[in-house]
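# Structure at a glance
Residues per chain are reported as follows:
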Amino acid sequence: MSERRVGLWLIGACGGVGTTATLGLAALSRGVSDSTSLVTGLPLFEPLHLDEPAQFVVGGHEIRRAGFRQTVRELQKRSNIFEPALADACQEDLERWESNLRPGTLLQCGPAIARLADRTDLTTSDTARDAIERIQNDLRDFRDRNKLDQVVVINVSSTEAPFETGDVHESLERLIPALERRQPPLPASSLYAWAALDLGLPYINFTPSLGASLPAMLELAKERRTVIGGKDGKTGETLMKTVLAPMFALRNWQLLSWVGHNIFGNRDGQVLDDPANKASKIRTKDQVVSSILGYKPQTLVSIEYIDSLDDWKTAWNHIHFKGFLGTKMTLQFIWQGCDSILAGPLVLDLARLALFAQRRGEVGVLRHLACFFKNPIGVQEHDFFKQFALLEEYVKQC
Ligand code: NAI
């Protein structure tokens, strides 16, 4: 088992989430951190013999000049996370993995994301096909140079604005010719997804961007015998919603309204400050409560960028509900979480589980990963406990 070497390829590698996942892998493999917060660190997963942190090599695409070490320093300075001794112990790994970073594509990523780009080696590809080929060359090179048995691609890049899909996205037959057009038929997140799936690599979308969520992409995954999962990691406020909403449903309380106000100040928040990009996030955050209850109370989700909060998100939720004899009551909670610290370990869980699934010969959507996502592909269930039961069932039948 320890002979195997696997690759984790991150799109948006040097952001908060990508860097925390990377530092986490190094810290776990060097034994300077324990598995707290890794779902796959639970005893339930022991029989699966998932890939161990020391077996991983990290690489990825970026549009900024930053490296892992610089982002670790930024997160330490701005957000006061990561013990200096832990970060110091991992510098060598971070430096080595920085040599696996490659310039990403800006094709169809939208103006809010393009404004972040400061790498001088970003090419402006003419067609979707050109961008896909360049991404695939980077992925093949990563796999071959590091002699990797398997590679998983995870999207942790900035949230794109919603991208409307149409007939052309319904089948491979229609989408393939459209890749040659001057006006690309896919946003950047989907170009990466296509590149990965076409090479037969598992693809997971941790963001609300379109990624692989279209019928033609599922067809491609099946044809290339690989797996997909997503989308939008469920790490904080929405996790709380999908834990609490079942309680209201099972006590037969009537939910009248659910208001969630989120404030945070990291780079993700800066991109989400653009109304177009924010719309994607609000869409995935706002649907879960109604879906669990089976009716729609009044809901409001707001997301505001407050620079000084850095990576620390505060979410205030006000839940108004009706009990016996029509009496109205209120539950309020305040969630104060560090975004990258919540998300990083889930990225590692998803990498381990996606690699495992592909190794077993699974193909298509990984439905059992629903509990990790706000908007799980192929699963309508949002109740966290029912979603986790899917994962338990899966592990038992493996
Ligand atoms: P971030 O802004 O720190 O990192 C995103 C990185 O992606 C940046 O370094 C940026 O330069 C890079 N990037 C943007 N477009 C790119 C492209 N086309 N190609 C290559 N790289 C590109 O954001 P953060 O906090 O790391 O979040 C990452 C993503 O994960 C966001 O979409 C966020 O909404 C999503 N997410 C985060 C959660 C959390 O932090 N708890 C929870 C759920 C989802």
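This text goes with the structure placed above it.
Residues numbered from 1 in each chain as written. Predicted model: local features only at pLDDT ≥ 70, side-chain atom pairs only at ≥ 80, totals over all residues. Heavy atoms only, no water.

### Digging into the sheet that holds strand E8 (residues 298-305)
Note the following rule: Note: two strands are recorded as paired if DSSP finds a minimum of 2 bridges between them. Only runs of H or I of at least four residues qualify as helices and only runs of E of at least two qualify as strands under DSSP, and these elements are numbered from the N terminus. Fitted lines through C-alpha atoms give the axes, limited to the stretch in contact for helices. The angle between two N-to-C directions lies from 0 to 180 degrees. We call two residues in contact when some of their heavy atoms are within 4.5 Å.
One open sheet holds the 4 strands; their spatial order is E8-E7-E9-E10, and the pairing between them is mixed. What marks the edges here is a single partner per strand, and that holds for E8 and strand E10 (328-338). Across this sheet, the average inter-strand angle for adjacent strands is 10°, counted without regard to direction. Across 11 bridges, strand E9 (residues 312-322) lies against E10 in antiparallel orientation. Paired with Ile319 across the bridge in E10 is Leu331. In this fold helix H12 (residues 275-286) packs onto strand E7 (254-264) and E8, with an angle of close to 140° to the strand it touches most, E8.

### Some details on the site of the ligand
Cut-off, in case you're wondering: In these notes, residues near a molecule or strand are those with any non-hydrogen atom within 4 Å of it. Contacts described as polar in this section are N or O atom pairs within 3.5 Å, which, within protein, must combine one atom able to donate a hydrogen with one able to accept it, while residues neighboring in sequence count only if both atoms come from side chains. Here the nonpolar group is Ala, Val, Leu, Ile, Met, Phe, Trp, Tyr, Cys and Pro; Asp, Glu, Lys and Arg are the charged ones; every other residue, Gly included, is treated as polar.
Within the structure, the ligand sits among 28 residues, and Val17, Glu62, Ser157, Thr159 and Tyr192 are positioned closest to it. Between the ligand and the protein, one listed contact pairs an oxygen atom with a backbone N or O atom of Val17 at 2.8 Å. Only helix H1 (16-29), strand E2 (56-62), helix H11 (267-272) and helix H14 (339-359) provide two or more residues apiece to the shell around the ligand. The class makeup of the residues in the shell around the ligand is 8 nonpolar, 12 polar and 8 charged.

### Comments concerning the sheet that holds E2
Spatially, 7 strands are ordered E3-E2-E1-E4-E5-E6-E11 in an open sheet, and the strand pairing comes out parallel. Edge positions in the open sheet fall to strand E3 (101-103) and strand E11 (364-365), since each of these has one partner strand only. Where strand E5 (residues 203-205) meets strand E6 (residues 227-230), 3 bridges bridge the pair, whose relative direction is parallel. Note that in E6 the partner of Ile204 across the bridge is Gly229. Against the sheet, helix H8 (residues 188-198) engages strand E1 (6-11), E2, strand E4 (150-155), E5 and E6, with an angle of about 160° to E5.

### Re the packing of helix H6 (residues 128-145) against H8
Which entries qualify depends on this criterion: By definition in this entry, angles of less than 35 degrees are roughly parallel, angles greater than 145 are roughly antiparallel, angles of 65 to 115 are roughly perpendicular, and the rest are oblique. Each helix crossing is assigned a hand: it is left-handed if the near helix lies turned anticlockwise from the far helix by less than a right angle, otherwise right-handed if that turn is clockwise.
Relative to each other, H6 and H8 sit at 55°, their axes nearing to 9 Å. When the axes of H6 and H8 are compared, the pair comes out oblique. Relative to H8, the crossing made by H6 is right-handed. Contacts from Ala128, Arg129, Ala131, Ile132, Ile135, Gln136 and Leu139 of H6 reach H8 at Leu191, Tyr192, Trp194, Ala195, Ala196 and Asp198.

### Thoughts on the nonpolar core
Considering soluble globular proteins, one finds that nonpolar side chains tend to be buried as a cluster. Convention followed: Here, the term nonpolar core denotes a set of buried Ala, Val, Leu, Ile, Met, Phe, Trp, Tyr and Cys residues that are joined through side-chain atoms within 4.5 Å. A simple rule labels every residue: compare its accessible area, found with a 1.4 Å probe on the protein chains alone, to the largest value its type can have, and call it buried under 20%, exposed over 50%, or partly exposed in between.
Residues Leu8, Ile154, Trp194, Phe206 and Phe372 are the most contacted members of the largest nonpolar core, which totals 102 residues. Considering each element in turn, this core owes the most residues, 11 residues, to H14. Judged by nonpolar contacts, the second largest core, of 12 residues, contains Ala245, Leu255, Trp258 and Val289.

### Topic: the side chain of Lys374
Looking at the element boundaries, Lys374 is found in the loop between E11 and helix H15 (384-397). In contact with Lys374, other than residues within four places in its own chain, are Lys231, Asp232, Gly233, Lys234, Thr238, Lys281, Thr284, Lys285, Gln287, Val288 and His382.

### A word on the pairing of E9
Regular strands place side chains that alternate from one sheet face to the opposite one. When E7 meets E9, the two strands line up antiparallel, connected through 9 bridges. Across the sheet, residue Gln254 finds its bridge partner in E9, namely Lys322. In textbook terms, the turn of a hairpin is the stretch between consecutive antiparallel strands, and for E9 and E10 this stretch comprises 5 residues, one of which, Leu325, has a positive phi near 60°.

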